[in-house]
Structures are given as structure tokens and as C-alpha cells.
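Residues per chain, in single letters:
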Amino acid sequence: SSGINAEYGVFDMSQNIYVNQYEMEGDLLTAFDIGEQLVSVAKNGQVHVWRDEDVAEKFKIGENIECCVKSHDGKIISGGKENELKVWDIEAQTPVFTSKNVPRDELDIRVPVWIKSITSPSSDSNILCVGTHYHQYRQYDIRVKRRPIVNKSWEELPILSLIADDKHCYLGNSKGDIGRLDLRNQKEVHKFKGAVGSVRSLALHSKEPYLASVGLDRHLRIHNTLTKEVEHKFYLKNKMNCVVFTDEQIKESAGEVDIWEQLEETGKRRKISAD
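Residues numbered from 1 in each chain as written. Predicted model: local features only at pLDDT ≥ 70, side-chain atom pairs only at ≥ 80, totals over all residues. Heavy atoms only, no water.

## Here's the deal with the environment of Thr225
Residue position: Thr225 is located in the loop between strand E21 (219–224) and strand E22 (230–235). Sequence-wise, Thr225 and Glu208 are 17 residues apart; in three dimensions their C-alpha atoms are separated by 9.1 Å. Ignoring sequence-local partners within four residues, the contact set of Thr225 consists of Tyr170, Arg180, Phe192, Leu204, Pro209, Tyr210 and Leu211. (Helix = DSSP H or I, 4+ residues; strand = E, 2+ residues; numbered from the N terminus. Contact = heavy atoms within 4.5 Å.)

And the structure:
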């Protein structure tokens, strides 16, 4: 919820109940768990680290935060409007990496910093992929240097969502384009069709070849990353900002209809060829 303070809860899908409620300073941007700790991040840069229901630590990661994710090694990665890419150690509450802006353009004008999305390949937390408001895709290797090792334009509108596996990075922008780049050569190898509005979130299934996307067109789409086709499409009635896959077993309440049966499926299911 919005306001001076934000409230949010932790929902236990195995019991279908909220198990904890929290209140923090500022508008909530995101929240995630790191080990036994719950970390919440506000748009004003205020970070709360919770243990049980008590705030264990509070610290600031700058102003105008527009994206913050957790890394595979237990750190948090942030960026925003005139807020450089940073990797934070939450125990020390200090950045262990801070990016450096790209050089001035051909007219000797400073390039504005406006980070909209961040992700990292599942096998290497030292590689960071970044999407900007100015439709730039950037790739950093924090072991090598502070400036990006890749800086290229993708389409013509802000890159709002990113997700990566070991070989590819998937991008979504404010027009509805969804693309797949090869992490080895940064070339676009495919575009996924179907979305007609701003793509706000992408998710990859941990075991199956599925890419989920949601956004302002109010649809959840599941693309098959092998066939590139839309396997499922559901109309969700609301504009969506986030989607995730879960390995948790979801409990059905007594007499409750399966939530998926309540949704209107607008796409056709396709069988995956065995070969």
C-alpha cells in the first residue's frame, strides 16, 4: 500500500493465510528473503532487514530507486534515476561494487543514468544485466571494471523487465516487445510475440522451458522457450506488475475452486513435440 508508511504481508501458500504483517517507512518497491532474513526496499532507498517480526537493521541505498533485486550470493543489487548500479553487502551495509557511467556521447554530452531493470545469470553473480530508460542494454562484469563490458541499444523504448538463465537474457519493454539475447555475443536470437502493452515483469521456470510475462495489457502469458509459441494466456482483469514461478505446493481450501479454473484462458494450448 502507498503512503508515508507501507504495509505488506507474507502469505503462506501451503496454509492459504498471511503469517506476518510488516510496516515500513516509504512506498514499498520490493521485498525478498535472504537466508532467514526478510529484506524490504522502499522507493526512497530505505532498506529494512527483518528477523522474525522485528527490524534488525535499517540503512539507506540512495534516492530514486527504481529497481532492486537479490543476487545469487546473498547481496542486493540496486539502481535508479541518477543512481548508479550498486551491489550491497547487507551485513556491512556498504556497496561492494559501484558502476561508473558510460563515457560522454559524440557531442560530448553526459549520458543520464536511469536504470529500470536488473538481473543476473543463474550461474554467475559477477555478471549483471541492466536495462535503462533510454533503451540501453548493458552488461557488467564486476570482476573486470566498473563500466559496462556491453552497451547496446535495444528497440526504442524503456527496458522495464529482465530475466536471465545461463545462456540467454530475456528483455521486455514499455511497448510490449519481448526479446531474447545470447549472453555470449549479445545478439538478439528471437522475439516472442503476443504482448500488446508494457511488459512489467518476466519469470523463467526453474525446470520447464517456460517464460512468463505480465504487464499493462492485463494478461499472463506463458511462452515455451523451445517452440517460441504461447502455451497459455490468461486474462487477469488487473494491470500486473510482477510474476514469479513457485515450487511450493499450493493448498486448496475446502470447497474452493482451483484458481486457474476461474481464469479465462484466451490462448490455445499446444503440445510440445517429443523431438
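## Re the pattern of salt bridges
Under the criterion given, the structure shown has 10 salt bridges. Between Arg110 and Glu82 there is a salt bridge; the shortest N-O distance is 2.5 Å. Of this pair, Arg110 sits in the loop between strand E10 (94–98) and strand E11 (115–119) while Glu82 sits in the loop between strand E8 (76–80) and strand E9 (83–89), placing them 28 residues apart in sequence. On the basis of relative accessible area, Arg110 is assigned to the partly exposed category, the value being 41%. For Glu82, a relative accessible area of 45% corresponds to the partly exposed category. A salt bridge links Asp124 to Arg143; the shortest N-O distance between them is 3.4 Å. Taken as a pair, Asp124 in the loop between E11 and strand E12 (127–132) and Arg143 in the loop between strand E13 (136–141) and strand E14 (150–153) lie far apart in primary sequence, 19 residues in all. For Asp124, a relative accessible area of 21% translates into the label partly exposed. (Salt bridge = Lys/Arg side-chain N within 4 Å of Asp/Glu carboxyl O. Buried < 20%, exposed > 50% of the residue type's maximum accessible area, 1.4 Å probe, protein only.)

## Topic: the sheet that holds strand E17 (residues 178–182)
An order of E15-E16-E17-E18 is seen for the 4 strands of this open sheet, with the pairing classed as antiparallel. Only two strands of the sheet have a single partner each, and these edge strands are strand E15 (159–164) and strand E18 (188–192). Taken pair by pair, the neighbouring strands of this sheet meet at an average axis angle of 20°, ignoring direction. (Pairing = 2+ DSSP bridges. Axes fitted to C-alpha atoms, helices over the stretch in contact; angles between N-to-C directions.)

## What to know about the nonpolar core
Soluble, globular proteins show a tendency: their nonpolar side chains are buried together. Val39, Val47, Phe59, Ile61 and Ile76 are the most contacted members of the largest nonpolar core, which totals 13 residues. Listed by contribution, the elements that provide at least two residues to this core are strand E3 (28–34), strand E4 (37–42), strand E5 (46–51) and strand E7 (65–70). Sequence-distant contacts of Phe59, that is, excluding residues within four places in its chain, are made with Gly45, Gln46, Val47, Val49, Ile76, Trp88, Ile90 and Gln93. Judged by nonpolar contacts, the second largest core, of 11 residues, contains Cys129, Ala164, Cys169 and Leu171. (Core = buried A, V, L, I, M, F, W, Y, C linked by side-chain atoms within 4.5 Å.)

## Quick look at a positive patch on the surface
On the surface, a cluster of positive charge is contributed by Lys100, Lys145, Arg146 and Arg147. Among the structural elements, Lys100 can be located in the loop between E10 and E11. (Patch = residues over 30% accessible without salt bridge, like charges linked within 9 Å, V, L, I, M, F, W, Y side chains within 5 Å. Areas by Shrake-Rupley, 256 points an atom, 1.4 Å probe, with all protein chains shown as cover. Lys, Arg positive; Asp, Glu negative; His and termini not counted. Charge placed at Lys NZ, Arg CZ, Asp CG, Glu CD.)

## Quick look at the sheet that holds E7
Strand order in this open sheet of 4 strands is E7-E8-E9-E10, and the pairing throughout is antiparallel. Unpaired on one side and paired on the other, E7 and E10 mark the two borders of the sheet. Ignoring which end each strand starts from, the neighbouring axes of this sheet average 30° apart. Across 4 bridges, E9 lies against E10 in antiparallel orientation. When the sheet's bridge partners are listed, Asp89 is paired in E10 with Thr94.

## Notes on the side chain of Ser117
Looking at the secondary structure, you find Ser117 in strand E11. On the basis of relative accessible area, Ser117 is assigned to the buried category, the value being 2%. At a separation of 3.0 Å, a polar atom in the side chain of Ser117 contacts the main-chain carbonyl oxygen of Ile159. For Ser117, the residues in contact, after removing those within four places along its chain, are Cys67, Cys129, Val130, Gly131, Ile159, Leu160, Ser161 and Leu162. (Polar contact = N/O pair within 3.5 Å; in protein donor to acceptor, adjacent residues only side chain to side chain.)

## Things to note about the environment of Ala203
Assignment of secondary structure puts Ala203 in strand E19 (residues 199–204). Ala203 gets classed as buried once you look at its relative accessible area, which sits at 6%. If sequence neighbours within four positions are ignored, Ala203 has contacts with Ile163, Tyr210, Leu211, Ala212, Val243, Val244 and Phe245.

## Digging into the side chain of Lys86
Take Lys86: it is sitting in strand E9. Of the side chains with opposite charge, Glu84 lies nearest to the buried Lys86, which makes no salt bridge, at 7.0 Å. With residues near it in sequence (within four places) discarded, Lys86 still touches Ile76, Ile77, Ser78, Pro95, Phe97 and Thr98.

## Observations concerning unusual backbone geometry
The phi angle at Glu82 is positive, at roughly 55°, despite the residue not being glycine. In this structure, Asp108 is a non-glycine residue whose phi angle is positive, near 65°.

## A few points about the confidence of the model for the protein chain
Mean pLDDT over the protein chain: 88, with 89% of residues reaching 70 or higher. Segment residues 271–275: pLDDT under 50, and 3 contacts once partners within four positions in sequence are set aside and those in other chains are kept. (pLDDT = per-residue confidence, 0-100.)

## Some points on the state of the cysteines
In total, this model carries 0 disulfides according to the counting rule given. As a non-bridged cysteine, Cys169 has Cys129 as the owner of its nearest cysteine sulfur, 4.2 Å distant. In this structure Cys169 comes out as buried when scored by relative accessible area, which is 0%. (Disulfide = S-S within 2.5 Å.)

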